[in-house]
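Survey of secondary and tertiary structure
Here are the chains, one letter per residue:
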Amino acid sequence: MNLILLGPPGAGKGTQAQELERRHKLVQLSTGDMLRAAIASGSDLGNEVKTIMDAGELVPDDIMIRMISERIDQPDCANGFILDGFPRTTAQAEALDKMLDEKDMKIDHVIEMSVDSEVLIKRIAGRFSCAGCGAGYHDEFQKPVQDGVCDHCSKTEFTRRPDDNPETVRTRLDTYEAQTAPLLPYYRGKESLRTVDAMAEIDVVTAEIETVIGGA
Ligand code: AMP
């Protein structure tokens, strides 16, 4: 089963993708995480994209399309994957359709995570993740069971994203409206889009997504 999670920054795509990964043995393909790993490794690609990401703008389509195409070819994707943060432009969506066609694969569900933009800045401002396993947390909505200790790998180091500051978040939300929101009618036209209310509690959203994918 292959899924796309669509929604603005802060909608909870990463949180739900991690949940789906655990429940269904799917692989979370977060293009944001891949790019952050490239930056951390100091690679040429990382150096090229750092300024763009710090400004909250989009990395060029050709880079992203190549990155996803190569990643989908890895053996761990054979059981299915969850695209989190890709596609983000119409060009990326069209390229994805073409590449999946060529690989004889398809997307089973496109899930729109719908949120009120007012809450997004608050959600984004409080989030952090485990430096060891990448599990996502939030100061208010999703604290580790034991303060300062990761629930999943017991590491005690956490990180916050540099682009999660209020000013960059505004740019990222504008970028979403201008470049990614047009994908909603694109997928609606293909009749594969389902919308879940991502304002609800995390486990309620998870249950809603389960209903969508269970009804395949
Ligand atoms: P995310 O972690 O999904 O919020 O992505 C963080 C940043 O990575 C974005 O603000 C973009 O600069 C870049 N990025 C991630 N995915 C894509 C994509 N599919 N296309 C272009 N830029 C992306």
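Here the structure is a predicted model, which means the values were calculated and not measured.

What follows covers the site of the ligand. In the neighbourhood of the ligand, 16 residues make up the surrounding shell, with Thr31, Arg36, Glu57, Gly85 and Gln92 lying closest. Here an oxygen atom of the ligand sits 2.5 Å away from a polar atom, N or O, in the main chain of glutamate 57. One of the backbone nitrogen or oxygen atoms of glycine 85 is found 2.9 Å away from a nitrogen atom of the ligand. Surface burial for the ligand is 97%, taken as the share of its 480 Å² of free accessible area covered by protein chains. A per-element tally of the shell around the ligand places helix 2 (residues 31-41) first, with four residues.

A separate point is the packing of helix 1 (residues 13-24) against helix 9 (residues 202-214). The N-to-C vectors of helix 1 and helix 9 enclose an angle of 55 degrees; their axes lie 11 Å apart at closest approach. On the basis of their axis angle, the class for helix 1 and helix 9 is oblique. Relative to helix 9, the crossing made by helix 1 is right-handed. Across from Thr15, Gln16, Glu19, Leu20, Arg23 and His24 in helix 1, the residues of helix 9 making contact are Ile202, Val205, Thr206, Ile209, Glu210 and Ile213. Among the residues making up the contact of helix 1 with helix 9, the classes are represented as five nonpolar, four polar and three charged.

Cut-offs applied
Residues numbered from 1 in each chain as written. Predicted model: local features only at pLDDT ≥ 70, side-chain atom pairs only at ≥ 80, totals over all residues. Heavy atoms only, no water. Near = heavy atom within 4 Å. Polar contact = N/O pair within 3.5 Å; in protein donor to acceptor, adjacent residues only side chain to side chain. Areas by Shrake-Rupley, 256 points an atom, 1.4 Å probe, with all protein chains shown as cover. Helix = DSSP H or I, 4+ residues; strand = E, 2+ residues; numbered from the N terminus. Axes fitted to C-alpha atoms, helices over the stretch in contact; angles between N-to-C directions. Parallel < 35°, antiparallel > 145°, perpendicular 65-115°, else oblique. Left-handed = near helix turned anticlockwise from the far one by under 90°. Contact = heavy atoms within 4.5 Å. Nonpolar A, V, L, I, M, F, W, Y, C, P; charged D, E, K, R; others polar.

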